[in-house]
Amino acid sequence: MTDEVTDCQRTVLVVDDDASIRESLADLLGDEGYRVKTATNGAEALGLLRPPAELRPCVILLDLMMPIMNGHQFYAEQQRDPALASIPIVVISADSNVAEKAPAFGGEYLSKPVRLETVLGVLDRHCV
């Protein structure tokens, strides 16, 4: 297995407009050996995923409520792009109805505030 493949398999994209959550997740996951990229909204995330950047994370941790492009809009754009549609999404939201909304994104979600152990469990399933 090459380092490039290993890096890709251990890469996570965190998309959240809350700087403290975004930076905390990036720091904690980085300490656990993950390569973490962050975006403040869906449009910025798409910019990281599409050429010329072409980031290929093993999973995207996606907030729903963000300015510019929210989680719903990001997901719709992601699904329209065959090169991006297969990247798993895990919704991370403080929305009290997140359990009802998550099936539209594949069903997997975490309620804020999230525990590191819970996030790591999700990553263990997606980033092998």
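To start, this report covers the structure provided alongside it.

Basis of the calculations
Residues numbered from 1 in each chain as written. Predicted model: local features only at pLDDT ≥ 70, side-chain atom pairs only at ≥ 80, totals over all residues. Heavy atoms only, no water. Helix = DSSP H or I, 4+ residues; strand = E, 2+ residues; numbered from the N terminus. Expected span 1.5 Å × (residues − 1). Buried < 20%, exposed > 50% of the residue type's maximum accessible area, 1.4 Å probe, protein only. Arc of directions from axis to C-beta. Contact = heavy atoms within 4.5 Å. Disulfide = S-S within 2.5 Å. Pairing = 2+ DSSP bridges. Axes fitted to C-alpha atoms, helices over the stretch in contact; angles between N-to-C directions. Patch = residues over 30% accessible without salt bridge, like charges linked within 9 Å, V, L, I, M, F, W, Y side chains within 5 Å. Areas by Shrake-Rupley, 256 points an atom, 1.4 Å probe, with all protein chains shown as cover. Salt bridge = Lys/Arg side-chain N within 4 Å of Asp/Glu carboxyl O. Lys, Arg positive; Asp, Glu negative; His and termini not counted. Charge placed at Lys NZ, Arg CZ, Asp CG, Glu CD.

All right, on to helix α2 (residues 19-31) then. Taking 1.5 Å as the rise per residue, α2 with 13 residues should run 18 Å; its terminal C-alpha atoms sit 18 Å apart, in good agreement. Every buried residue of α2 is accounted for by Arg22, Leu25, Ala26 and Leu29. Within α2, the buried residues cover an arc of 100 degrees as seen down the axis, which keeps them to one side. When the buried face of α2 is taken as reference, the exposed residues oriented beyond 90 degrees from it are Asp27 and Asp31. Packing partners of the buried residues in α2 comprise β1 (11-15), β2 (35-39), β3 (59-62), β4 (89-93) and α6 (116-126). Positive phi appears at Gly33, one or two residues downstream of α2, with a value of about 95 degrees.

Bringing the state of the cysteines into the picture now. What the rule picks out here adds up to one disulfide. Each sulfur of the disulfide joining Cys58 and Cys127 lies 1.7 Å from the other. Across the disulfide from Cys58 to Cys127, rotation about the S-S bond amounts to roughly 70 degrees, and the bridge is consequently right-handed. Placement of the pair is Cys58 in the loop between α3 (42-49) and β3 and Cys127 in the segment after α6, with a sequence separation of 69 residues. When its relative accessible area of 10% is taken as the criterion, Cys58 is described as buried.

Read across the open sheet, the five strands follow the order β2-β1-β3-β4-β5; overall the sheet is parallel. Each edge of the open sheet is held by one strand with a lone partner, namely β2 and β5 (109-111). Pairs of neighbouring strands in the sheet enclose a mean axial angle of 20 degrees, with direction left out of account. Relative to β3, β1 is paired through four bridges, and the arrangement is parallel. When the sheet's bridge partners are listed, Val15 is paired in β3 with Leu62. Helix α4 (residues 71-80) rests against β3 and β4 of the sheet, and its axis sits at about 155 degrees to β3.

Attention now moves to a negative patch on the surface. Taken together, the side chains of Glu23, Asp27, Asp31 and Glu32 define an acidic patch exposed on the protein surface. By the secondary structure assignment, Glu32 is in the loop between α2 and β2.

Among the residues making up α6, those that are buried are Val119, Leu120, Val122 and Leu123. All buried residues of α6 fall inside an arc of 160 degrees around its axis, so they share one side. Facing away from the buried surface of α6 by more than 90 degrees, the exposed residues are Glu117, Asp124 and Arg125. On the buried face of α6, the contacting elements are β1, α2, β3, β4 and β5.

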